[in-house]
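Observations on the three-dimensional arrangement
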Amino acid sequence: MGISRSIRTAVIGAGPRGTSVLERLLANWASAGSAGTLHIDVVDPYPAGPGHVWQPGQSRLYLMNTQSFYPTVVPEDPELAPPLAGHTFDQWRERQQAHPHPSLTDEERAEVSRLGEADFPSRALYGRYLRSTLEELLTVLPAGVSVDFHAATATSVRHAAGGPAAASVLAAASGPAAAAEASVRFDVVLVDGTVLTVDSVVLAVGHLDARLNPEQRELLSAAEELGLLYVPPAAPADVDWSRVPAGKPVLVRGMGLNFFDVMGQLTEGRGGRFVAGEDNGELTYLPSGREPLIIAASRRGTPYRAKATLTGYYPGTVRLRYCTEDAVAKFAGSGIRPSFDYDLWPLLHRDAVWAYYSTLARSQPDAILTEPAEFLRALDESLRPHAHSTAKWEHTAESVIAVHVRAAHRLDLLGLAAPLAGRSFDSRAELDAAVVDYLLDDARRSALGEDDPVKMAIGALHHGRAVLKTAVADSGITDESWVAGLRGWFESFVEGLASGPPALRSAQLAALARAGIVRFVGPDPKFGVNRRARTFTAASPWVGGGTDESADGGAEGAAMEPAGVGGTAAGGAGVRGFVGSAGVIGAASGTANAGAVRARMENAVAGAVSASAMIEALAPANRVAVNSSPLLEQLLAEGLVRPRLMMTVEGTPVQTTGLDVVPHPYRPLGANGSVTPGLYVLGLQLSATQWGTAIAAEARPKTGPVYRSGQRTLRDADEIARDILDH
């Protein structure tokens, strides 16, 4: 049945998620054969389509973290209303290669012409795809639909003047149904004073700036006082990298994905070049002379592991046997709300162990002391869940592995994310050599692809992550295991393994370290300010002050003041390890205690590095309570939305990162616990009810499993669109 009334809605945020809402509104309106009118106001200070993050004019050195075949803003789900226009990114890429659009720039044409389906596009090119998709949609607007774009910031959303009062009067005269319809009106106020009065509002605001934490505020204050350069967390394309002086040390905190953006801008972005060797293809860096000395620091002391070279997003030789969608669905089907550590992680842990050893038996049979087939049969039996067994499966599997596998080839799964754990270094040169060895080994493993056991264990975690996204959503696991398990230890563990950069970036970093352009601080760094020398400082308790060519000489220990409590990158403590269901695993020093760590830190002060510039290679915190957004601050202050609270195992309520919402579609709860009709949430601000909200929607893979979580964001957008049109 068609829609015969007039509807006006506002979509706040014009990036990929806002574009998906627009696309779904048009598709569902056309599918319904509507006879009324639909007006859509799209609000964003940044260009519609690309939004803030994916602007087409940014440096082409900024790469996506997924390959061409992965992303899409257009659904391919046959259960949804068919799209009126648009394609997946890979389909768009192929069309542009065959028939380039006249509006493509020379740079865009050059990149498209050489880009394959398994290559990593620039963020700029993905932004061009988003803009092209939006432009296509606007050429096929159904009858009765109009769209206005407002290049401005929305500063507030409130009930329209007289809305609730009018609803009360109307309720007395015409009943509650009429009152509900009258009450759903909002005034959206823009920064220029424009007021849009609409029936519904979609919050698709994406990545937002955030207020600095206490330690970062201290560092910024010291920088202003002492004339230092401090670059707080920011989107890399927003930073003026020319402010970083050439030829001088710069501390870079964080070695995740943003680190490689910083690295690229301060090296290739300044005219340096990487050259592959003719014999072995090993990269050599040819400096331009305008680079700074990059001193890199992170909690692990190493960057994320690089992605394996694969033909698809998931390794084809890895199939989940235990942590399957059917297996995790049985919990809900039985009325059980599982714990992450005790119910879900053991399933995925089994899959990672099987992926590693089945790949090892296939690719390196000499590592097996017995017949590979015999070993795999025994391992299969040890991994199979036994309902009536009191033995821990890990102990049974370890016994089998000890009999059949050479010691040097046994898997330490949790240790993969902490390659320097258990090691200390007498000098920074020794540390640098160890990190380069790690980088080259990791790049070698990435090149082996599906023949490398380590990368296939990580591949199982990658598969499992897609299953877990569905399993944990909408309160699918207990609050305490969300806080302590999923977000407490597993998230950082799996991101360090499965969310890394293209393998090329690891090879480039190794080349930069060999060229003396990059050096490393070491694990568990502590940051401070040496006011006497007017520098930032960093030191690791695991790196001594032995003689080598220091990055910038030693710091004057007596004047080195720590910034913030602990001063570590993650706000954590000194002992390295992973906290899972069994407690601290893989600690750096076994019986290390706070006193021993303090002693090592005192010894490390002599080897501390110093610099007059410091960069936070981190994205602004995705946490609604600290996001620096006039709109979000107003909604929180006036009680239209609230952060979600979860209970820890001790029964203590803790504030989570996202908004408190009810599904489906996702609507925020106000401060009084009520749902405001006509207000919707999509994307990153759902991080307390969905896990992995920063990942783009996945195009339907040509081969392999199709996980429900792949196009979850597009289904969320569809639910919102249908609800807007139905009410």
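Note: the structure precedes this text.
Overview of the structure. (Residues numbered from 1 in each chain as written. Predicted model: local features only at pLDDT ≥ 70, side-chain atom pairs only at ≥ 80, totals over all residues. Heavy atoms only, no water.)

Regarding the environment of A498
Rules: Numbered from the N terminus, helices here are DSSP runs of H or I no shorter than four residues, and strands are runs of E no shorter than two. Accessibility here uses a 1.4 Å probe with only protein chains present; expressed as a share of the type maximum, an area under 20% marks a residue as buried, one over 50% as exposed, and anything in between as partly exposed. Throughout, a residue-residue contact means that at least one pair of heavy atoms, one from each residue, lies within 4.5 Å.
Here A498 lies in helix α15 (residues 479–498). On the basis of relative accessible area, A498 is assigned to the buried category, the value being 9%. For the pair A498 and K307, spaced 191 residues apart in the sequence, the C-alpha separation amounts to 6.9 Å. Those residues in contact with A498 that lie beyond four places of it in its chain are K307, I458, H462 and R465.

Considering the pairing of strand β7 (residues 200–203)
Which entries qualify depends on this criterion: Following DSSP output, two strands are said to pair if at least two bridges run between them.
Residue alternation in β7 divides its side chains into two sets, S200 and V202 and V201 and L203, and both sets are buried. Relative to β7, strand β1 (residues 6–12) runs parallel, the two sharing 4 bridges. The residue bridging T9 from the neighbouring strand is S200, located in β7.

Structural notes on the sheet that holds β1
The condition that has to hold: Axes here mean lines fitted to C-alpha atoms, for a helix over just the part in contact, with angles spanning 0 to 180 degrees between N-to-C directions.
If you walk across this open sheet you meet the 5 strands as β3-β2-β1-β7-β25, and the pairing is parallel. Two strands bound the open sheet, and with one partner strand each, they are β3 (145–150) and β25 (679–681). Strand-to-strand twist in this sheet, taken as the mean axis angle between neighbours without regard to direction, amounts to 15°. Of the strand pairs in this sheet, β1 and strand β2 (residues 37–43) are connected by 7 bridges, and their pairing is parallel. Within the sheet, the bridge partner assigned to S6 lies in β2 and is T37.

Let's talk about the pairing of strand β21 (residues 643–647)
Pairing between β21 and strand β22 (residues 653–659): 4 bridges, direction antiparallel. Across the sheet, the residue bridging to L645 is Q655, located in β22. The hairpin formed by β21 and β22 contains 5 residues between the paired strands, and G651 there has a positive phi angle of roughly 85°.

Section: helix α16 (residues 503–514)
This is how it is decided: Helices are assigned an expected span. That span is 1.5 Å times one less than the residue count.
The end-to-end C-alpha distance of α16, which contains 12 residues, comes to 17 Å, matching closely the 16 Å that a straight helix rising 1.5 Å per residue would cover. Burial analysis of α16 places 9 of its 12 residues in the buried class, which makes it a mostly covered element. Taken together, the buried residues of α16 touch α8 (257–266), β10 (273–276), β11 (283–286), α13 (428–448) and β13 (518–520). Phi for G516, located one or two positions after α16, is positive at around 80°.

A short note on the packing of aromatic side chains
Put simply, the test is: Only Phe, Tyr and Trp rings are paired, with Trp represented by its six-membered ring, and only when their centres lie within 6.5 Å; those with planes under 30 degrees apart are stacked, over 60 edge-to-face, the remainder tilted.
All chains considered together, the criterion is met by 23 aromatic pairs. Taking 4.2 Å as the distance between ring centres and 45° as the angle between the ring planes, the aromatic pair formed by Y70 and Y313 counts as tilted. Of this pair, Y70 sits in the loop between β2 and α2 (89–98) while Y313 sits in the loop between β12 (293–297) and α9 (325–333), and the two are 243 residues apart along the sequence. Relative accessible area serves as the criterion here: at 14%, Y313 is assigned to the buried category. Through pairs of rings, three or more aromatic residues link up here, namely F340, W345, W489, F490, F493 and W691.

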